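So you can see what is in the structure, the chains are spelled out below.
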Amino acid sequence: EAGVVQSPRYKIIEKKQPVAFWCNPISGHNTLYWYRQNLGQGPELLIRYENEEAVDDSQLPKDRFSAERLKGVDSTLKIQPAELGDSAVYLCASSLGTSGRTDTQYFGPGTRLTVL
Amino acid sequence: ILNVEQSPQSLHVQEGDSTNFTCSFPSSNFYALHWYRWETAKSPEALFVMTLNGDEKKKGRISATLNTKEGYSYLYIKGSQPEDSATYLCAFTQGGSEKLVFGKGTKLTVNP
């Protein structure tokens, strides 16, 4: 069974440029998560989808970040414009059920973003 | 603000040593505790999900215990191998929230 796929793995951009990350979850997984991990910190949830509905986006900085999950499968996370403080690892995860509390989340390898 | 503390921050052991690390979390309204292993350049891998006080889980040489009353979990690795080198993350959830709150992790290096 294929795991969670993310691309690109690495991205270097100048500040004020846009950037997008793509995630393909495990087939059949209803719930998809985007996390950001800043250097030296644990991952922090940005947004959680149940199918195509964003059920928790309270931590997503909506002035510059946007996300979509069309057809309840693949998802894209976008930053426009990027700032220096956005340098981080962006992780996508998926789970079979809808309980974020107890369901095992399966993570992709992440995208390491560097903003210069 | 929920705080999950992991200690130590990093650890170096010799191959064959047994080791353990700690995850501390708020004991009020506890729901579940997750452990993940994250090897460099790979995806974080789920190890355990624990919900009941006194839970003990085991996977090969790795085991974990849970004390929800005092708010801590221990992860043990018996006979560490170089392939155990990774960052071990714990994450906690409370009742009423679907959100995992992660600690900063313990980085383990096993020297051959």
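Before reading further, recall that the structure is shown in the block above.
Residues numbered from 1 in each chain as written. Chains lettered and ligands numbered in written order. Predicted model: local features only at pLDDT ≥ 70, side-chain atom pairs only at ≥ 80, totals over all residues. Heavy atoms only, no water.

Asks: Honestly, the overall build of chain B in this entry has me stumped. Any pointers?
Replies: Tallying secondary structure elements over chain B gives zero helices and eleven strands in all. For chain B, the N- to C-terminal ordering of α and β elements is β-β-β-β-β-β-β-β-β-β-β. Computed over the C-alpha atoms, the radius of gyration of chain B is 14 Å, within 12% of the 13 Å expected from 2.2 N^0.38 for a compact globule of 112 residues. With the C-alpha coordinates aligned to their principal axes, the bounding extent of chain B is approximately 45 × 25 × 20 Å. (Helix = DSSP H or I, 4+ residues; strand = E, 2+ residues; numbered from the N terminus. Rg over C-alpha atoms; globule rule 2.2 N^0.38 Å.)

Asks: Hey, could you run me through the interface of chain A and chain B in this one?
Replies: Where the parts come together, the accessible area they lose is often given as the size of the interface. Taken together, the contact pairs 25 residues of chain A with 24 residues of chain B. Ranking the residues of chain A by area buried against chain B places Arg 101, Thr 102 and Phe 107 of chain A at the top, with a combined share of 36%. At the junction of chain A and chain B, the tally comes to four residue pairs in polar contact (both at pLDDT 80 or more). Only β4 (31-37), β5 (44-50) and β9 (88-95) of chain A provide two or more residues apiece to the side of chain A that touches chain B. (Contact = heavy atoms within 4.5 Å. Buried area = accessible area lost by both parts, 1.4 Å probe. Polar contact = N/O pair within 3.5 Å; in protein donor to acceptor, adjacent residues only side chain to side chain.)

Asks: Can you help me understand the sheet that holds strand β3 (residues 19-24) of chain A in this one?
Replies: In a beta sheet, neighbouring strands are held together by backbone hydrogen bonds and run either parallel or antiparallel to one another. All names here are of chain A. One open sheet holds the four strands; their spatial order is β1-β3-β8-β7, and the pairing between them is antiparallel. Bordering the open sheet on either side are β1 (5-7) and β7 (65-68), each of which pairs with just one other strand. The average angle at which neighbouring strand axes cross in this sheet is 15°, direction not considered. The pairing of β3 with strand β8 (residues 75-79) spans five bridges and is antiparallel. Bridge pairing links Cys 23 to Ser 75 in β8. (Pairing = 2+ DSSP bridges. Axes fitted to C-alpha atoms, helices over the stretch in contact; angles between N-to-C directions.)

Asks: Help me out: how do you make sense of the packing of aromatic side chains in this one?
Replies: Aromatic rings in a pair are described by how distant their centres are and how their planes are angled relative to each other. One pass over the full model with this rule turns up 13 aromatic pairs over all chains. Both rings, one in Tyr 35 of chain A and one in Phe 107 of chain A, keep their centres 5.5 Å apart while their planes meet at 40°; by these two values the pair is tilted. Of this pair, Tyr 35 of chain A sits in strand β4 while Phe 107 of chain A sits in strand β10 (residues 106-107), and the two are 72 residues apart along the sequence. Overall, the relative accessible area of 1% leaves Tyr 35 of chain A in the buried class. Judged by relative accessible area, Phe 107 of chain A falls into the buried class, the value being 5%. Grouped by ring-pair contacts, the aromatic residues Tyr 33, Tyr 35 and Phe 107 of chain A together with Tyr 36 and Phe 102 of chain B constitute a single cluster. (Phe/Tyr/Trp six-rings, centres within 6.5 Å; stacked < 30°, edge-to-face > 60°. Buried < 20%, exposed > 50% of the residue type's maximum accessible area, 1.4 Å probe, protein only.)

Asks: What's the story with the environment of Glu 44 of chain A in this structure? I'm lost.
Replies: Residue and element names in this part refer to chain A. Topologically, Glu 44 is positioned in strand β5. By relative accessible area, which is 42% here, Glu 44 ends up partly exposed. Sequence separation between Glu 44 and Ile 79 is 35 residues; the distance between their C-alpha atoms is 16 Å. The contact partners of Glu 44, leaving out residues within four places of it in the chain, are Trp 34, Tyr 35 and Arg 36.

Asks: Help me out: how do you make sense of the sheet that holds strand β3 (residues 19-24) of chain B in this one?
Replies: All names here are of chain B. In space, the five strands of this open sheet follow the order β1-β3-β8-β7-β6, with antiparallel pairing throughout. Every interior strand has two partners, whereas the edge strands, β1 (5-7) and β6 (56-59), have only one. The sheet shows a mean angle of 15° between the axes of neighbouring strands, direction not considered. Across four bridges, β6 lies against strand β7 (residues 62-67) in antiparallel orientation. Counterpart to Lys 59 in the pairing with β7 is Ile 62.

Asks: What is the right way to look at the side chain of Thr 19 of chain B in this model?
Replies: Residue and element names in this part refer to chain B. Looking at the secondary structure, you find Thr 19 in strand β3. The exposure class of Thr 19 is buried, given its relative accessible area of 9%. Residue contacts for Thr 19: discarding those within four places in its chain leaves Leu 11, Val 13, Leu 75, Tyr 76, Ile 77, Ser 80 and Leu 108.

Asks: I'm lost on the pattern of salt bridges in this one. Help?
Replies: Charged atoms that come close allow side chains of opposite charge to pair. Residue and element names in this part refer to chain A. Evaluation of the coordinates by the stated rule reveals nine salt bridges over all chains. Between Arg 48 and Glu 50 there is a salt bridge, with its nearest N and O atoms 2.9 Å apart. Salt bridges here are not isolated pairs; linked through shared partners, they connect Arg 36, Arg 64, Glu 83 and Asp 86. (Salt bridge = Lys/Arg side-chain N within 4 Å of Asp/Glu carboxyl O.)

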